[in-house]
Amino acid sequence: IPYCTRHGISVMVSPGVSEINEGSAIMPPLREVKIEDLLGREQVEINMDEIRSFLTDKVVMVTGAAGSIGSELCRQLLKIPIQKLILFDAAETPMNDVMIELKDVSPRIEKKFVIGDVRQRPKMEYIFKRYQPNVVFHAAAYKHVPMMEDNPSEAVQNNIYGTRVMADLAVKYGTKKFVMVSTDKAVNPTNVMGCSKRICEIYVQSLNRYLEVASLQVDKLTSRQVDERDTEINENSSAWPLVYLYL
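Remember, predicted model here, so these are calculated numbers, not experimental data.

(A) Up close: the overall build of the protein chain. Scanning the protein chain for helices and strands turns up nine helices and eight strands. Residues counted as buried form 36% of the 247 residues belonging to the protein chain. Intrachain contacts of the protein chain at a sequence separation of at least 6 include 69% that bridge at least 24 residues. As presented, the protein chain carries roughly 15,000 Å² of accessible surface, and 54% of it is formed by carbon and sulfur atoms.

(B) Layout of the pairing of strand β6 (residues 135-138). Side chains of β6 alternate between two faces, with Val135 and Phe137 and Val136 and His138 buried alike. Relative to strand β7 (residues 177-182), β6 runs parallel, the two being bridged by four bridges. Each bridged residue has a counterpart across the sheet, and for valine 136 the counterpart in β7 is phenylalanine 178.

(C) How the structure looks around unusual backbone geometry. Although it is not a glycine, aspartate 57 sits at a positive phi angle of roughly 65°. With respect to the element layout, aspartate 57 can be found in the loop between α2 (48-55) and β3 (59-63). Phi is positive for serine 106, close to 45°, though the residue is something other than glycine. Mapped onto the secondary structure, serine 106 falls in the loop between α4 (92-102) and β5 (110-115).

(D) Summary view of the packing of aromatic side chains. Per the stated rule, a full pass over the model turns up one aromatic pair. Consider the rings of phenylalanine 128 and tyrosine 173, whose centres lie 6.2 Å apart with planes at 25°: the pair is stacked. Here phenylalanine 128, found in helix α5 (residues 121-131), pairs with tyrosine 173, found in the loop between α7 (152-172) and β7; they are 45 residues apart in sequence, far enough to count as distant. The buried category is assigned to phenylalanine 128, whose relative accessible area is 0%. The lysine or arginine in question, lysine 58, covers the ring of phenylalanine 54, its NZ or CZ lying 4.9 Å from the ring centre. Lying over the aromatic face of phenylalanine 54, lysine 177 brings its terminal NZ or CZ to 5.5 Å of the ring centre.

(E) Representation of the nonpolar core in the model. Counting 25 residues, the largest nonpolar core has Met61, Phe128, Met166 and Phe178 as its most contacted members. Elements supplying a minimum of two residues to this core: β3, β4 (84-89), α5, α7, β7 and α8 (192-220). For this core, the leading source of residues is α7, giving six residues. Other than its neighbours up to four places away in sequence, methionine 166 contacts Met61, Thr63, Val118, Met124, Phe128, Val136, His138 and Phe178.

(F) Broad picture of the pattern of salt bridges. Enumeration according to the criterion identifies 11 salt bridges in this entry. Two residues, aspartate 184 and lysine 185, come together in a salt bridge whose shortest N-O distance is 3.9 Å. For aspartate 184, a relative accessible area of 52% gives the class exposed. Through salt bridges that share partners, Glu72, Arg75 and Glu101 make up one connected network.

(G) The packing of α5 against α7, seen in detail. Their axes nearest at 10 Å, the elements α5 and α7 cross at an angle of 35°. In the packing of α5 onto α7, the handedness of the crossing is right-handed. Two secondary-structure elements touch here, α5 through Arg121, Met124, Glu125 and Phe128 and α7 through Val165, Met166, Asp168, Leu169, Ala170 and Lys172.

(H) Representation of the side chain of serine 182 in the model. Note on placement: serine 182 falls in strand β7. At 2.5 Å, the side chain of serine 182 and the side chain of glutamate 201 are in polar contact.

About the cut-offs
Residue positions are given per chain, counted from 1 along the sequence in the order it is written. The predicted origin of the model limits local features to residues at a pLDDT of at least 70 and limits the giving and counting of side-chain atom pairs to 80 or more, whereas totals for whole chains, interfaces and linings rest on all residues. Only heavy atoms go into the side-chain values, all of them from the structure, while hydrogens and water stay out. Each helix corresponds to a stretch of at least 4 residues labelled H or I by DSSP, and each strand to a stretch of at least 2 residues labelled E; elements are numbered beginning at the N terminus. Each residue's exposure class comes from its accessible area (1.4 Å probe, protein chains only) as a fraction of the maximum for that residue type: buried when under 20%, exposed when over 50%, partly exposed otherwise. Residues count as neighbours in contact if any of their non-hydrogen atoms are within 4.5 Å of one another. To measure how exposed things are, a 1.4 Å probe is used in the Shrake-Rupley method; for residues, cover is taken only from the protein chains shown. Two strands form a pair only when DSSP identifies at least two bridges running between them. A pair of Phe, Tyr and Trp rings is counted when the ring centres sit within 6.5 Å of each other, with Trp represented by its six-membered ring. The angle between the planes then sorts it: under 30 degrees is stacked, over 60 is edge-to-face, the rest tilted. Lysine NZ or arginine CZ positioned within 6 Å of the ring centre and within 35 degrees of the ring normal marks a charge as sitting over the ring. What is meant by a nonpolar core is a set of buried Ala, Val, Leu, Ile, Met, Phe, Trp, Tyr and Cys residues, joined one to another through side-chain atoms within 4.5 Å. Should a side-chain nitrogen of Lys or Arg be within 4 Å of a carboxyl oxygen of Asp or Glu, the pair is scored as a salt bridge. Only the stretch in contact is used when a helix axis is fitted, and all axes are lines through C-alpha atoms; the angle between N-to-C directions ranges over 0 to 180 degrees. Crossings are assigned a handedness: left-handed for a near helix turned anticlockwise from the far helix by less than a right angle, right-handed for a clockwise turn. What qualifies as a polar contact is a pair of N or O atoms within 3.5 Å, subject to a donor-acceptor requirement within protein and to the restriction that residues adjacent in sequence count only when both atoms come from side chains.

So, to be careful, I would describe these as geometric facts and stop short of saying anything about function.
Here it is as structure tokens:
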């Protein structure tokens with residue numbers, strides 16, 4: 001492929017055997033290579049109108065905002081008329097690069113560039129209390145497989161504990177939607193990084209189920225006293241879906 005590219009030779013995709021009609025002498029035409037061909041699965045169609053409608057005038061927070069996934073999320077969010085974007089990351093230099101790139105993009109949208117660590121619950125509590133995000137995209141994570149094989153405790157601390165801190169605070173402060181960015185390596189994981197992300201998925205899913213059950217239990221209460229925790233869950237869980245996103 002590099003040779004063909006250098007010499008101006010087109011690279012085309014030939015139809016598979018299953019695409020050729022049995023017994024037909026007519027060969028389906030060759031076509032150009034599309035980025036979707038590299039997925040190895042059907043492309044997921046995203047309803048951008050629905051997403052735009054939901055996010056309009058919302059306060060949105062992105063953790064890991066200086067990373068490859070988080071920064072692209074921020075670029076796309078700035079194309080939507082959200083109210084405020086909180087960009088959160090622990091890496092100072094990459095965050096500074098993102099700030100230089102995005103600070104003047106969509107000037108109507110207020111932007112806050114915050115340095116911090118998702119594992120520091122007091123810091124994250126301050127962020128949630130101050131900005132009251134309606135939507136959180138949690139993309140902060142260690143993702144390099146060989147590095148996490150050599151540093152498994154950091155994968156546990158950053159990926160698992162960091163996700164727990166974020167999800168718990170999202171419940172506490174009434175976040176409407178919490179999106180955890182996961183990875184295909186969490187499917188039948190065979191390495192530390194994949195295992196840590198799979199545990200994050202399980203925690204997020206389990207917390208969501210717990211909130212649904214607790215909400216139903218609270219709704220059915222009659223005479224017995226409702227404790228503070230039950231009341232908090234009932235107030236926040238009715239419209240608070242926890243989801244995770246594979247990228």
